[in-house]
Amino acid sequence: MSAPFAKDSRTTFLAPMQDITDAGFISIVSGYGAPDFAIAEYFRIHEFYEFEPDVLKAALDNPERVCVQFIGEDETHIARAVAELRMYPQIKMLDLNLGCPAPKVYKKNVGGGLLRHPGKIRSIMRVMRGEWGGCFSVKMRTGFEEDENFKELLECVLEGRPDFITVHARTVKQLYRGAPDYSKIRQAAKISPVPIIANGDISSADKALKVIEETKCAGVMSGRHAVRNPWIFRQMREKFDGRPVFEPTLADVRGYIEKLHDHAASGKRRMKYVDSRLKKYINFIGASVDEKGEFLYHMRRARGIADLMKVCDAYLVENGNADKKFSPEPYPDVCSRPNHEGGL
Ligand SMILES: Cc1cc2nc3c(=O)[nH]c(=O)nc-3n(C[C@H](O)[C@H](O)[C@H](O)COP(=O)(O)O)c2cc1C
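S.K.: Whenever I open this one, the pairing of strand β6 (residues 135–141) confuses me. Can you help?
M.R.: Most of β6 sits inside the fold, with seven of its seven residues counted as buried. Of the two faces of β6, both are covered, the one formed by Cys135, Ser137, Lys139 and Arg141 as well as the one formed by Phe136, Val138 and Met140. When strand β5 (residues 93–98) meets β6, the two strands line up parallel, connected through six bridges. Note on β6: the bridge partner recorded for Leu94 is Phe136. Traced from β6 through helix α6 (residues 150–159) to strand β7 (residues 164–168), the parallel crossover comes out right-handed.

Below you can see the structure in the form of structure tokens.
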């Protein structure tokens, strides 16, 4: 099988994010202009693994475009999981996570931890490539501690015959902070016979086009910025095609929050925690609402869902705010999640 897109296709991806990119969220974002593809949050594969139903649903709802992701270190269990995945013949795409930076994960030589063990990467990829007939990809970082061995790591991954590779242009030790080094994407795109997707702070349509033009990568993957701005994939497509780029207003953002609210309150979830579930998304959105970060300040202090929605109304529709533009980039001094590794 080969990648379902070409090396010069300017393909767009929604990045996988644990506890965020479930089926409902992917559907909400897609309603604002779907990415070409999405990777679902990972299944941790070990002896007693289970495919979490909500994550599996994300792939089953749109199997041509949503890729399943595995994270694991044991070839036997991974082979079992691939065999189970084959029982869903509609699923076409499978990805291996070589990037997760959480210490409890990488210390077990899983995710980003595998970048310290090229031999293990080879044997896991041999099993996955051998057992899986569909599109097989890898999502990797540029190194573990440093990125000087990136070329060797990339060559090791290429030996496993993936159909495409996503490169998050940071090391594992950088977590989600610091500037991504896009020169590594350029290097990868030059060496690799298969398409390279650029990931890491692809924050707007302008940035996406700049990274594609500078690195000659096949496309871009956006994660936290797509939670902040669900129009980003539509804007990218418009920008790539040379059309006028849609500019959402703060009233449009209020509509997006309403959808997130309904999602956070849906299913068997407890109503009690709807406000904290909603704040998880609004933390990202708030970085583009006002340059002083007042919306974020007040929404974090809101107690209960009614209070939280009142703050949203005050900053997004009332007080003459409805027609104000939602910034395509986060405001420079506004930090979405000050104490969180996944902050913008
Ligand atoms: C909350 C959160 C959860 C994540 N979960 C996953 C995951 O399940 N699988 C994965 O490959 N990457 C995961 N990532 C990494 C993202 O896919 C992406 O590589 C990273 O956020 C950089 O892209 P961005 O700057 O566009 O957000 C996660 C990131 C965040 C912030």
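Having seen it, we continue.
S.K.: Looking at this structure, how should I read the domain arrangement of the protein?
M.R.: Accessible area lost upon the coming together of the parts is a frequently used measure of interface size. For the protein, the domain assignment lists domain 1 (11–240) and domain 2 (247–344). With 13 residues of domain 1 in contact, the opposing surface of domain 2 contributes 17 residues. Among the secondary structure elements, those contributing two or more residues to the side of domain 1 that touches domain 2 are α1 (23–31) and α9 (224–228). For the side of domain 1 that touches domain 2, a count of residues per class yields seven nonpolar, four polar and two charged.

S.K.: Sorry if this is basic, but what is going on with the packing of helix α11 (residues 250–264) against helix α12 (residues 274–285) here?
M.R.: Describing two packed helices takes the angle between their axes plus the distance from one axis to the other. For the pair α11 and α12, interaxial distance at closest approach is 9 Å and the crossing angle is 145 degrees. For the element pair α11 and α12, the recorded crossing hand is right-handed. Contacts from Val253, Ile257, Leu260, His261 and Ala264 in α11 reach Val274, Arg277, Leu278, Tyr281, Ile282 and Ile285 in α12. Classifying every residue of the contact of α11 with α12 gives nine nonpolar, one polar and one charged.

S.K.: Sorry, what's going on with the packing of helix α3 (residues 75–85) against helix α5 (residues 118–131) here?
M.R.: Closest axis-to-axis distance for the α3/α5 pair is 10 Å, and the angle between their directions is 20 degrees. In terms of their interaxial angle, α3 and α5 are classed as roughly parallel. With respect to the hand of their crossing, α3 and α5 are arranged in right-handed fashion. Here Glu75, Ile78, Ala79, Val82 and Ala83 of α3 come into contact with α5, specifically with Ser123, Ile124, Val127, Met128 and Glu131. Split into classes, the residues belonging to the contact of α3 with α5 amount to seven nonpolar, one polar and two charged.

S.K.: Looking at this structure, I do not really get the environment of Ala188. What am I missing?
M.R.: By the element assignment, Ala188 lies in helix α7 (residues 183–191). Classification of Ala188 by C-beta neighbours within 10 Å gives buried; the count is 28. Apart from the residues lying within four places of it in its own chain, the contact partners of Ala188 are Leu154, Ile165, Val167 and Ile196.

S.K.: I would appreciate a short explanation of the environment of Pro230 in the present structure.
M.R.: With respect to the helices and strands, Pro230 occurs in the loop between α9 and α10 (232–240). The exposure class of Pro230 is buried, given the 25 C-beta atoms found within 10 Å. For the pair Pro230 and Ile28, spaced 202 residues apart in sequence, the C-alpha separation works out to 8.2 Å. Look past the residues within four positions of Pro230 in its chain and what remains in contact with it is Ile28, Val29, Tyr32 and Tyr256.

Cut-offs and rules
- Residues numbered from 1 in each chain as written.
- Predicted model: local features only at pLDDT ≥ 70, side-chain atom pairs only at ≥ 80, totals over all residues.
- Buried ≥ 20, exposed ≤ 12 C-beta atoms within 10 Å, placed from the backbone.
- Helix = DSSP H or I, 4+ residues; strand = E, 2+ residues; numbered from the N terminus.
- Pairing = 2+ DSSP bridges.
- Right-handed = clockwise from strand over helix to strand, strands pointing away.
- Domains from an automatic or database assignment.
- Contact = placed C-beta atoms within 7 Å.
- Nonpolar A, V, L, I, M, F, W, Y, C, P; charged D, E, K, R; others polar.
- Axes fitted to C-alpha atoms, helices over the stretch in contact; angles between N-to-C directions.
- Left-handed = near helix turned anticlockwise from the far one by under 90°.
- Parallel < 35°, antiparallel > 145°, perpendicular 65-115°, else oblique.

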